[in-house]
Amino acid sequence: MSDTVIQIAGVTKSFLRGVNAVDDVTLSVARGETLGIVGESGSGKSTLLRMILRLIRPSAGSITLDGRDVWAASGRDLKQARRQMQAVFQDPASSFNPRQSIGAILAAPLEVHGIGDRASRARRIGETLERVGLPATTVSRYPHQLSGGQRQRVAIARAVIMRPAVVLADEPTSALDVSVQAQVLKLFREIKDELGLTSVFVSHNLAVIREVSDRVAVMRHGKLIEIGTAERVFTAPESDYTRALIDAVPDPFRRFRAPVELESGS
Amino acid sequence: MDIRSRALQDGRPTLSIRDLTVDFPKRDGAFRAVDGVSLDVWPGEIVGVIGESGSGKTMTALSTLRMLPKRAVVSGSIELGQRRILDLSPADMRKLRGDRLSFIPQDAMRALNPTMRIGRQVGEPLVLHRNLSFKAAVSRAVDLLRAVHVREPERRVEDYPHGFSGGMQQRAMIAMGLALEPELIIADEPTTALDVTVQAQVLKLLKEIRDREATSILFITHDLGVVAELCDWVYVMYRGRIVEQGSVERIFMDPRDDYTKMLLASTPTLFPREAAI
């Protein structure tokens, strides 16, 4: 078997009223791979991601990162795990402190983990901003002065500035216009390849999932319905539910195969 | 022959907008949200207005409903049938709205009154515009809910909106919009907040209504996929202007404007074109 980075084994999350938001899910993510998790509202996809991120505690099962139990970790191990694992959320506006400049937002993780001195941190922030396609002057800006796409670029910069092994993304482009979404997805793919990141990408949008994922997991009502390569899941789904989801997507290119250059404009 | 070329042979459009401009005054000049928009919706036609945020698509819809913020300065003409909407008194406009013209917003939960039972709410237009008693209106609401495929409508009219799922709430809004058999339904991203399987059902329902009642629908969206599934004719908006219009086939198969091409190229797809033969 290939080198497993994230191993999720028998993970369940029960909330009140006896409903399992996530119900006995087992899956793994290999090094350098992007696993897309797709599902409708209430499927448990975000809850699962949050359990990997150590934001929601599983009711049962285990989650390991590089063989270490994420939830058993403490002290130095925990700090190490957090450094390795970074997140990008749907609405960066609400995950930034509105009163902090972008420079301060990007410096924070480096300071917390005691990386570099002031000068080297500033250099790293500059390089990272350039990498995500933002001008160096962005450091003195505040979140509200940026567009949604620019904010999501900052969120990606904040995630990768730690040089993590794993990036977890929860609907990172759902609030963006399609033209901006295309740019952010492109950036996400490039950075992932460049840094050899392992990632988990959660979305309700099947087409977005297809575009970014190597493998795809389909969830419904907390359960893992099927998992396989993106190509296999979308062209030959095993489950009726996956088939129904695919059929429900209003996709312009199902009816119309327009002769448009795929790469132009993005 | 598509609906539009059929319609062009005889009759007149249900909705006709000419040179619509919407300005929002600012300290230094004005922000032009809609810049000289002209569009038509023919009887029984589903017309899509597609654009990204800030394109002016919602402002165009709200102008037609006369629901713009007060400070907006509007010019141009909007005709629904023979009525010049921008010249109507507020009282006449209220009569028209809901009666000949109805609106389905994006967020049904926010549009529904949380303290009013679904039946009364769906039937309310009949009370206000047709002088029905509430009792008669509720029994008509049962039929309307059945027409939008709400199961056990006799029982569900007693529910409050919070007892309805997102898809059911949107169906209730559509049922309310249909109550007075309007000439034109304006829908602003009515399926954007819904799961794809529910969205597919709502889109199917809108088509069914068009086929059954020959209602015209002006559909505002940012989603090219929804346009491809639903619409007959498409207007593409960018920065307050219509940059391109055409039949849905033409827009997707032979886009001419650079912005339209960029939108198409940006749209992620489950049907990658390299696999298309």
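The structure this text deals with has already been given above.
I will try to describe carefully the structure that is included in this document. Counting restarts for each chain, with residues numbered from 1 along the sequence as it is written. Written order determines the labels here, with chains lettered from A and ligands numbered from 1. Thresholds applied to this predicted model are a pLDDT of at least 70 for local features of residues and 80 or more for the giving and counting of side-chain atom pairs; totals over whole chains, interfaces and linings are not thresholded and use all residues. In computing side-chain properties, one takes all heavy atoms of the structure into account and sets aside hydrogens as well as water.

### Points about the overall build of chain A
For clarity, the threshold we go by: Think of it this way: any DSSP run of H or I at least four residues long counts as a helix, any run of E at least two long counts as a strand, and we number them from the N terminus. Taken over C-alpha atoms, the radius of gyration is set against a globule rule of 2.2 Å times the number of residues to the power 0.38. Only protein chains enter the accessibility calculation, which uses a 1.4 Å probe; a residue whose area is less than 20% of its type maximum is buried, one above 50% is exposed, and one in between is partly exposed. All accessible areas in this document rest on Shrake-Rupley with a 1.4 Å probe, and a residue is counted as covered only by the protein chains that are shown. Charged residues are defined narrowly, with Lys and Arg counted positive, Asp and Glu counted negative, and His plus the chain ends left uncounted. In plain terms, the charge of a residue is placed at NZ if it is Lys, CZ if Arg, CG if Asp and CD if Glu.
Within chain A one finds eleven helices and ten strands. Against the globule reference of 18 Å for 266 residues, chain A gives a C-alpha radius of gyration of 19 Å, in line with a compact fold. Based on the C-alpha atoms only, the size of chain A along its principal axes is roughly 55 × 50 × 40 Å. Burial status across chain A gives 53% buried among its 266 residues. Per element, the accessible surface of chain A, about 11,900 Å² overall, is 47% carbon and sulfur. Positive and negative side-chain charges of chain A, numbering 35 and 29 respectively, have mean locations separated by a distance of 7 Å.

### Re the sheet that holds strand 1 (residues 15-25) of chain B
All names here are of chain B. Definition in use: Two strands pair under a simple rule: DSSP has to find at least two bridges between them. Note on contacts: a residue pair is in contact if any heavy atoms of the two residues lie within 4.5 Å. Here, axes are lines fitted to C-alpha atoms. For helices the fit covers the stretch in contact, and angles between N-to-C directions go from 0 to 180 degrees.
Read across the open sheet, the four strands follow the order 2-1-4-5; overall the sheet is antiparallel. Edge positions in the open sheet fall to strand 2 (30-41) and strand 5 (83-84), since each of these has one partner strand only. Where strand 4 (residues 73-80) meets strand 5, two bridges bridge the pair, whose relative direction is antiparallel. Counterpart to Glu-79 in the pairing with strand 5 is Arg-84. The sheet strands contacting helix 2 (residues 57-65) are strand 1, strand 2 and strand 4, and the helix crosses strand 1 at an angle near 110 degrees.

### Quick word on the interface of chain A and chain B
For the record, the criterion: Put simply, buried area is the surface a 1.4 Å probe can reach on two separate parts but cannot reach once they are joined, added for both. Whenever a carboxyl oxygen of Asp or Glu lies within 4 Å of a side-chain nitrogen of Lys or Arg, that contact is scored as a salt bridge. Nitrogen and oxygen atoms within 3.5 Å of one another constitute a polar contact, given that in protein one can donate a hydrogen and the other can accept it, and given that sequence-neighbouring residues count only through two side-chain atoms. Classification convention: Asp, Glu, Lys, Arg as charged; Ala, Val, Leu, Ile, Met, Phe, Trp, Tyr, Cys, Pro as nonpolar; all other residues, Gly among them, as polar.
Between chain A and chain B, the contact holds 33 residues from the first and 34 residues from the second. Buried surface at the junction of chain A and chain B, summed over both partners, amounts to about 3,300 Å²; 65% is from carbon and sulfur atoms. The shortest N-O distance in the salt bridge between Arg-255 of chain A and Glu-249 of chain B comes to 3.5 Å. Counting across the interface, chain A meets chain B through eleven residue pairs in polar contact (both at pLDDT 80 or more). Mapped onto the side of chain A that touches chain B, the elements with two or more residues apiece are helix 7 (178-195), helix 8 (206-212), helix 10 (240-248) and helix 11 (252-255) of chain A. Classifying every residue of the side of chain A that touches chain B by side-chain character gives 19 nonpolar, five polar and nine charged.

### Some remarks on the pairing of strand 8 (residues 216-221) of chain B
Every regular strand shows the same layout, with side chains that alternate between the two sheet faces. All names here are of chain B. Worth spelling out the cut-off: The path from the first strand over the helix to the second decides the hand: if it runs clockwise while the strands point away from the viewer, the crossover is right-handed.
Counting buried residues in strand 8 gives six out of six residues, a clear majority hidden from the surface. Of the two faces of strand 8, the one holding Ser-216, Leu-218 and Ile-220 and the one holding Ile-217, Phe-219 and Thr-221 are both buried throughout. Sheet analysis places strand 3 (residues 46-50) next to strand 8, joined by five bridges and oriented parallel. By the bridge assignment, Gly-48 is partnered in strand 8 with Phe-219. Where strand 7 (residues 184-188) meets strand 8, five bridges bridge the pair, whose relative direction is parallel. In the sheet register, Ala-187 faces strand 8, and the bridge partner there is Phe-219. Following the chain from strand 7 across helix 9 (residues 196-213) to the adjacent parallel strand 8, one finds a crossover that is right-handed.

### Quick look at the nonpolar core
All names here are of chain B. Basically, it comes down to this: Definition of nonpolar core: a set of buried residues of the types Ala, Val, Leu, Ile, Met, Phe, Trp, Tyr and Cys, connected through side-chain atoms within 4.5 Å.
Counting residues in each nonpolar core, the largest one holds 106 residues, and the members touching the most others are Leu-145, Ile-174 and Phe-219. If you tally residues by element for this core, the top one is helix 8 (residues 166-178), at seven residues. In this view, Ile-174 contacts Ile-104, Val-148, Val-202, Leu-205, Leu-206 and Ile-209; residues no more than four positions away in its chain are not counted. Counting 31 residues, the second-largest nonpolar core is a separate cluster that includes Leu-20, Leu-65, Leu-80 and Leu-101.

### Regarding the environment of Phe-89 of chain A
All names here are of chain A. Structurally, the position occupied by Phe-89 is in the loop between strand 6 (85-88) and helix 3 (92-95). Given the relative accessible area of 23%, Phe-89 is considered partly exposed. Spatially, the C-alpha atom of Phe-89 lies 8.5 Å from that of Gln-152, the residues being 63 residues apart in sequence. Ignoring sequence-local partners within four residues, the contact set of Phe-89 consists of Arg-50, Leu-53, Leu-55, Ser-95, Gln-152, Asp-170 and Pro-172.

### Comments concerning unusual backbone geometry
The backbone of Asp-66 of chain A sits at a positive phi, close to 50 degrees, despite the residue not being glycine. Note that Asp-66 of chain A resides in the loop between strand 4 (60-65) and strand 5 (68-69). One non-glycine residue, Asp-19 of chain B, lies in the positive phi region at around 50 degrees. Mapped onto the fold, Asp-19 of chain B is located in strand 1.

### Remarks on helix 7 of chain A
As a reminder of what qualifies: To estimate how far a helix should extend, the number of its residues minus one is multiplied by 1.5 Å.
Over its 18 residues, helix 7 of chain A extends 25 Å from the first C-alpha to the last, a length consistent with the 26 Å expected when each residue adds 1.5 Å. After helix 7 of chain A finishes, the residue Gly-196 of chain A shows a positive phi value of roughly 60 degrees.

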